[in-house]
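What follows is the residue order along each chain.
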Amino acid sequence: MIPLLIVLGILVLLLIWGIAAYNRFVAQRQQIKDAYANIDTELRRRYDLIPNLVETVKGYASHERQTFENVTKARQQAIAAQGPAEQAQAENMLTAALRQLFAVAEDYPELRASENFQALQAELSTTEDRIQGSRRAYNDQVRQYNERVQSVPSNVVASMFGFKEEEFFEIEEGERAVVEQAPRVDFGGTGSETPPPPSPPPGSPPASPGGAAPTP
């Protein structure tokens, strides 16, 4: 009788553990979906900014047709992308296209000085920062979930109920540095450089080391 009770007790404990493990997998998977939804929200905000940015640059550099087409095409591909892996690849292409657009803008001082362009550029930089924060939060959730899918004994529950590893939102090494640092462009100058002192008028005596003119 006692051995039977022991066996039943072990089975009950295993059942409780299995239910808890299953519920945790469900909760983690939902957290991953929520984290990816946050990324998607910030990406949509970015996509909404880009047409206005393109039109602003086009007003000053209308002949840069290929650059505008590249940005528009990359934006459309990013909007149509599905899943973290495909989305990340599309974002890499869009980031590269935006680099070309900002490179064009640097050749037009009037464009760089316009309030509209500066406002769009600042908003885009803020959005990039939010995207990266959301991406890091998503990848952290995926990492914790995947570790449980692979680890013993939780991998038994994962295998039984079809919990599979989720994809990270990865950025290719070639574009990582660009995206980690939002595409900011300094349009106003720092103003920190000190202009050189004016040259003395012709025929004036040279200044002494202390700054006073020598006594004749």
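Residues numbered from 1 in each chain as written. Predicted model: local features only at pLDDT ≥ 70, side-chain atom pairs only at ≥ 80, totals over all residues. Heavy atoms only, no water.

1. Examining the packing of aromatic side chains
Working step 1: Tallied over the entire structure, the rule returns six aromatic pairs.
Working step 2: Geometrically, the ring pair formed by Y22 and F161 is edge-to-face, given 4.9 Å between the ring centres and 65 degrees between the ring planes. Placement of Y22 in helix α1 (residues 2–58) and of F161 in helix α6 (residues 154–161) is noted, with a sequence separation of 139 residues between them.
Working step 3: A residue is classified by how much of its surface remains accessible, and F161, at 46% relative accessible area, is partly exposed.
Working step 4: Here the aromatic rings of F25 and F163 are separated by 4.9 Å at their centres, their planes lie at 15 degrees, and the arrangement is stacked. With a gap of 138 residues between them, F25 in helix α1 and F163 in the loop between α6 and α7 (173–180) connect regions that are remote in the sequence.
Working step 5: Among the aromatic residues, those joined into a ring-pair cluster are Y22, F25, Y145, F161 and F163.
Working step 6: The ring centre of F25 lies 4.1 Å from the NZ or CZ of R148, which sits over that ring. (Phe/Tyr/Trp six-rings, centres within 6.5 Å; stacked < 30°, edge-to-face > 60°. Helix = DSSP H or I, 4+ residues; strand = E, 2+ residues; numbered from the N terminus. Buried < 20%, exposed > 50% of the residue type's maximum accessible area, 1.4 Å probe, protein only. Lys NZ or Arg CZ within 6 Å of the ring centre and 35° of its normal.)

2. What about α6?
Working step 1: Turning to α6, its buried residues are S154, V157 and A158. Buried residues of α6, viewed axially, fall in a sector of 100 degrees; they line one side. Seen from the open side of α6, the exposed residues pointing more than 90 degrees away from its buried face are S159 and M160.
Working step 2: Elements in contact with the buried residues of α6: α1 and α5 (115–150).
Working step 3: Of the residues flanking the end of α6, it is G162, one or two places downstream, whose phi is positive at about 75 degrees. (Arc of directions from axis to C-beta. Contact = heavy atoms within 4.5 Å.)

3. Quick notes on the nonpolar core
Working step 1: Membership of the largest hydrophobic core comes to 42 residues, with the highest contact counts inside it found for L53, L98, L101 and Y138.
Working step 2: If you list the elements that add at least two residues to this core, you get α1, α2 (65–80), α3 (83–105), α5 and α6.
Working step 3: A per-element tally of this core places α1 first, with 13 residues.
Working step 4: Setting aside anything within four residues of it in sequence, one finds L53 in contact with L98, L101, F102, F117, L120 and L124. (Core = buried A, V, L, I, M, F, W, Y, C linked by side-chain atoms within 4.5 Å.)

By themselves, these observations are geometric and do not establish any function.
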